[in-house]
Amino acid sequence: MTTPTAEGGTASPVTVAANRVLVLNSGSSSVKYQLLDMSDHTRLAVGLVERIGEETSRLVHTRLVGGGLTRERIGPVADHEAALKAAAEELAADGLGLDSPALAAIGHRVVHGGLRFTEPVVIDDEVLEEIERLVPVAPLHNPANIVGIRTAQALRPDLPQVAVFDTAFHTTMPEYAARYAIDVETADAHRIRRYGFHGTSHAYVSRKAAELLGRTPEEVNVIVLHLGNGASASAVAGGRCVETSMGLTPLEGLVMGTRSGDIDPAVTFHLERAGMSTDEIDVLLNKKSGLVGLCGDNDMREIRRRIDEGDERAALAFDIYVHRLKKYIGAYSAVLGRVDAVVFTAGVGENSAPVREAAITGLEGLGLAVDAELNAVPSGAPRLISPDCARVAVAVVPTDEELEIAVQTFALVGQAHN
Ligand code: AMP
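Notes on the structure in this doc start here. (Residues numbered from 1 in each chain as written. Predicted model: local features only at pLDDT ≥ 70, side-chain atom pairs only at ≥ 80, totals over all residues. Heavy atoms only, no water.)

Points about the overall build of the protein chain
Here is step 1: When helices and strands are tallied, the protein chain shows 15 helices and 14 strands.
Here is step 2: Relative to the compact-globule value of 22 Å for 418 residues, the protein chain shows a C-alpha radius of gyration of 22 Å, a close match.
Here is step 3: With respect to the three principal axes, the spread of C-alpha positions in the protein chain is 65 × 55 × 45 Å.
Here is step 4: Out of the 418 residues in the protein chain, the part that is buried amounts to 50%. (Helix = DSSP H or I, 4+ residues; strand = E, 2+ residues; numbered from the N terminus. Rg over C-alpha atoms; globule rule 2.2 N^0.38 Å. Buried < 20%, exposed > 50% of the residue type's maximum accessible area, 1.4 Å probe, protein only.)

Quick notes on the side chain of Asn 142
Here is step 1: Examined against the element boundaries, Asn 142 turns out to sit in helix H3 (residues 142-155).
Here is step 2: Owing to a relative accessible area of 0%, Asn 142 belongs among the buried residues under this scheme.
Here is step 3: A polar contact is formed between the side chain of Asn 142 and the backbone nitrogen of His 112, at a distance of 3.0 Å.
Here is step 4: Ignoring anything within four residues of it in the chain, the contact list for Asn 142 reads Val 110, Val 111, His 112, Ile 131, Leu 134 and Val 135. (Polar contact = N/O pair within 3.5 Å; in protein donor to acceptor, adjacent residues only side chain to side chain. Contact = heavy atoms within 4.5 Å.)

Topic: the sheet that holds strand E9 (residues 221-227)
Here is step 1: In spatial order, the strands read E11-E10-E9-E12-E14-E13; together these six strands make up an open sheet with mixed pairing. The open sheet is flanked by strand E11 (240-244) and strand E13 (383-384), the only strands paired with a single partner.
Here is step 2: Inspection of the sheet shows strand E10 (residues 231-237) paired to E11 by four bridges, in the antiparallel sense. Within the sheet, the bridge partner assigned to Ala 237 lies in E11 and is Arg 240.
Here is step 3: With respect to the sheet, helix H6 (residues 199-212) is in contact with E9, E10, strand E12 (341-345), E13 and strand E14 (393-396), its orientation differing from that of E9 by roughly 130°.
Here is step 4: Helix H13 (residues 353-360) rests against E9, E12, E13 and E14 of the sheet, and its axis sits at about 150° to E12. (Pairing = 2+ DSSP bridges. Axes fitted to C-alpha atoms, helices over the stretch in contact; angles between N-to-C directions.)

Quick word on helix H8 (residues 278-287)
Here is step 1: For H8, the complete set of buried residues consists of Ile 281, Leu 285 and Asn 286. All buried residues of H8 fall inside an arc of 115° around its axis, so they share one side. Of the exposed residues in H8, the ones pointing more than 90 degrees away from its buried face are Asp 279 and Lys 287. (Arc of directions from axis to C-beta.)

What about the layout of surface pockets?
Here is step 1: Estimated volume of the second largest pocket: approximately 520 Å³.
Here is step 2: Contributing to the lining of the second largest pocket are 26 residues, with Glu 119, Phe 169, Ala 203, Glu 404 and Gln 408 lying nearest its centre.
Here is step 3: Of the residues forming the lining of the second largest pocket, the biggest block, five residues, is contributed by H6.
Here is step 4: Considering only residue class, the lining of the second largest pocket consists of 12 nonpolar, nine polar and five charged. (1 Å grid on protein atoms, 1.4 Å probe; cavity = no way out; pocket = protein on both sides within 12 Å on 5 of 7 lines; lining within 4 Å. Points joined across faces, edges and corners; volume = space filled by probe spheres on them. Nonpolar A, V, L, I, M, F, W, Y, C, P; charged D, E, K, R; others polar.)

A few points about the packing of helix H2 (residues 125-133) against H3
Here is step 1: It is at 9 Å that the axes of H2 and H3 come closest, and there the two elements cross at 160°. In terms of their interaxial angle, H2 and H3 are classed as roughly antiparallel. With respect to the hand of their crossing, H2 and H3 are arranged in left-handed fashion. Across the interface between the two elements, Leu 128, Ile 131 and Glu 132 from H2 touch Asn 142, Ile 146, Ile 149, Arg 150 and Gln 153 from H3.
Here is step 2: Of the residues belonging to the contact of H2 with H3, the class tally is four nonpolar, two polar and two charged. (Parallel < 35°, antiparallel > 145°, perpendicular 65-115°, else oblique. Left-handed = near helix turned anticlockwise from the far one by under 90°.)

Observations concerning the environment of Leu 254
Here is step 1: Mapped onto the secondary structure, Leu 254 falls in the loop between E11 and helix H7 (266-273).
Here is step 2: For Leu 254, a relative accessible area of 2% corresponds to the buried category.
Here is step 3: Residues in contact with Leu 254, not counting those within four places in the same chain, are Leu 227, Ala 231, Ser 232, Ala 233, Ser 245, Arg 259, Ser 260, Gly 261, Arg 324, Leu 325 and Tyr 328.

Points about unusual backbone geometry
Here is step 1: In this model, Arg 191 sits at a positive phi of 55°, which is unusual for a non-glycine residue.
Here is step 2: For Arg 191, the position within the fold is in the loop between helix H5 (184-189) and H6.

Observations regarding the pattern of salt bridges
A pair can form between side chains of opposite charge whenever their charged atoms are brought close.
Here is step 1: Per the counting criterion, the structure on display carries 29 salt bridges.
Here is step 2: Linking Arg 58 and Glu 50 is a salt bridge whose minimum nitrogen-to-oxygen distance equals 2.5 Å.
Here is step 3: Under the relative-accessibility criterion, Arg 58 is labelled partly exposed at 25%.
Here is step 4: Across the salt bridge formed by Lys 208 and Glu 211, the nearest N and O atoms sit 3.5 Å from each other. Remark: Glu 211 and Lys 208 occur in helix H6; sequence separation between them is three residues, near one turn of the helix.
Here is step 5: Of the residues examined, Glu 211 reaches a relative accessible area of 54% and is grouped as exposed.
Here is step 6: Here the salt bridges do not stand alone but share partners, grouping Arg 63, Arg 71, Arg 73, Glu 89, Glu 90 and Asp 94 into one network. (Salt bridge = Lys/Arg side-chain N within 4 Å of Asp/Glu carboxyl O.)

Structure follows, in structure tokens:
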């Protein structure tokens, strides 16, 4: 780790190892950031600015080294530029400023990389233009990512900025899995195809699952169930994604916190003819559907609490959620042919034993089973929850998208800096 005397980098004549990466995740109204030391993957600071553009914006910054300390600021943060500047001030107040020579790069989560970006890239003008060209297929996400990149570039123009794409891991999907069965010319003219998202998480978790099985990623076939507020499944064969449940946008696939997942597209024409606007339908399917649409809650803890009290709407929402999961596990078992592990991750997948149990129960025919005792143990570590005798392992592997972004960023620029 860098010695404290090198912080700020003003007086020390010694060359400082550039081994830190700042990870930025710029959403439509929030910016999340983490500063990591890549020599041992420790987090030095983490923070979040939310409700950007409102009167009640909130910044929460936590220094994790030198005796942890959390600071909170409430008050208007006008835009992403102001948010990043505020985050930079907080980091500087902890001696972890962006001007430190220890900072090797800034890694940006970019949601849509289309077909072109199959790997992380160092951002130049041409890369930024391509990310902008993808705005029509990612109107909610890419604009915020672009603002985050531009602001970070203005703060440290000399520093490599790397884009790590949510879609990249899925670019290995075969054409027959990625293409929708619609007119080819229309699809190509509008770049309509299945891209998939959460790729950084699926890549990280599938690799960690192989490690847990004591095998290399090339040796195993795994189904990853990323069940957070957004949720997606992927089928990963020998380390390469061959299927995933999200499509042109993150709306397709599993039942999510607020998104419907799979739905007959004719539902949208039907609603339009009934008088709803395109924007209203967009909000309905992305924000007011899924668990929240079915029962009014999107937090699995609250849904389980209501079920325990006998709430029927919550119970039906849970059953619909689990039914969809089972369908995807079955479908992806067929796609893979041989499955070595089914892996649960993200907020629900890592924490909800009832969801894991319900999703696997009844799938004995696929070689799947959950050990009730192992499943009930709360843990933050990668672990197996299937009985020893099970043909297919069932595992819980906590995801860490920020670490994966930092690792990929550092791998790309680290050589140049060390
Ligand atoms: P994520 O998007 O990965 O942060 O996941 C957020 C979701 O995880 C929340 O909306 C909850 O539904 C779920 N979640 C978080 N903690 C728990 C828990 N302890 N038990 C069950 N579900 C949880």
